[in-house]
Each structure stands twice: as C-alpha cells, then as structure tokens.
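The chain contents come next:
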Amino acid sequence: MKWTPEHRSEAPTLMLVELDPLAVVDGERLDDTYLADNVEACGSMREFCPACRQGQLQLVLRQDNVRVAHLFCYHCTRCFGALLEDGTPALCE
C-alpha cells in the first residue's frame, strides 16, 4: 500500500526509545554530542525528537558503520529505536 496524504492520519503511532549511539553506530562521544563518519540519513520522518522537540527525526538504515537501523536527530544527536504499539520493532534489523 502506498502512503498518500490521506493515509497519514491512519499511520501507526510509533513509540520512540532512546538508544545509546555507541550501540548503533561506530563513532566517538565528544562532550554532549556523538560523532560518526559517513552516516547517511535516508529521509525525514513525521516524528520530531522527543528529547529536544526541535529536530525532525531522520531515518538511518544499516550501512558500513551503522549496526542498527534507527531514527536520528541532527539537532541534539540522539538516536531512537521505533516500536509499534504492540512492542514489535518498526524498523528492520
């Protein structure tokens, strides 16, 4: 099924769980941020960051230095896992 603007209101609600960046991406922590090389986001999600409420979350799929698909906030550099209402992962592992 292709999601159209009419279907967006029917989209499932996602529960976001903050993830430790060290567990999902190869990189290093510097003060309150986390730096990783060559990580590319695949697009913006409808969800905004629950931590800073300013950044629109970006979808990051598995890549060379990304171990787990996740949602990422460029504003505060936090990573989130997405779960459906029944607790199953919304992103493929």
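Residues numbered from 1 in each chain as written. Predicted model: local features only at pLDDT ≥ 70, side-chain atom pairs only at ≥ 80, totals over all residues. Heavy atoms only, no water.

Draft legend 1. Here's a closer look at the nonpolar core. One finds Leu14, Cys49, Cys52, Leu57, Leu59, Ala69, Leu71, Cys73, Cys76, Phe80, Ala82 and Leu91 forming the largest nonpolar core, which totals twelve residues. Counting only elements with at least two residues in this core, the list comes to β5 (56-60) and β7 (79-83). Look past the residues within four positions of Cys49 in its chain and what remains in contact with it is Gly55, Leu57, Cys73, Cys76 and Phe80. Counting residues in hydrophobic clusters, the runner-up holds six residues, among them Val24, Val60, Val66 and Cys79. (Core = buried A, V, L, I, M, F, W, Y, C linked by side-chain atoms within 4.5 Å. Buried < 20%, exposed > 50% of the residue type's maximum accessible area, 1.4 Å probe, protein only. Helix = DSSP H or I, 4+ residues; strand = E, 2+ residues; numbered from the N terminus. Contact = heavy atoms within 4.5 Å.)

Draft legend 2. Spatial organisation of the sheet that holds β7. Strand order in the open sheet formed by five strands is β1-β7-β6-β5-β4, and the pairing between neighbours is antiparallel. The sheet is open, and its two edges are formed by β1 (15-19) and β4 (43-48), each paired on a single side. Taken pair by pair, the neighbouring strands of this sheet meet at an average axis angle of 40°, ignoring direction. Sheet topology places β1 next to β7; five bridges connect them, and they run antiparallel. (Pairing = 2+ DSSP bridges. Axes fitted to C-alpha atoms, helices over the stretch in contact; angles between N-to-C directions.)

Draft legend 3. Spotlight on the environment of Phe48. Structurally, the position occupied by Phe48 is in strand β4. The exposure class assigned to Phe48 is partly exposed, which follows from its relative accessible area of 46%. Residues Phe48 and Leu71, 23 residues apart in the sequence, show an inter-C-alpha distance of 10.0 Å. Those residues in contact with Phe48 that lie beyond four places of it in its chain are Leu16, Gln54, Gly55, Gln56 and Leu57.

Draft legend 4. Spatial organisation of the pattern of salt bridges. Taken as a whole, this structure holds three salt bridges when the rule is applied. With a shortest N-O distance of 3.2 Å, Arg78 and Glu18 are connected by a salt bridge. Of this pair, Arg78 sits in the loop between β6 (70-72) and β7 while Glu18 sits in strand β1, placing them 60 residues apart in sequence. Residues Glu47 and Arg46 are paired through a salt bridge, measuring 2.8 Å at the closest nitrogen-oxygen approach. For Glu47, a relative accessible area of 12% puts it in the buried group. Residue classification places Arg46 among the partly exposed residues on the basis of a relative accessible area of 42%. (Salt bridge = Lys/Arg side-chain N within 4 Å of Asp/Glu carboxyl O.)

Draft legend 5. Highlighting the state of the cysteines. Enumeration according to the criterion identifies zero disulfides in this entry. Not engaged in a disulfide, the cysteine Cys49 finds its nearest cysteine sulfur in Cys76; these two sulfurs lie 3.6 Å apart. Among the residues examined, Cys49 registers a relative accessible area of 1% and is labelled buried. (Disulfide = S-S within 2.5 Å.)

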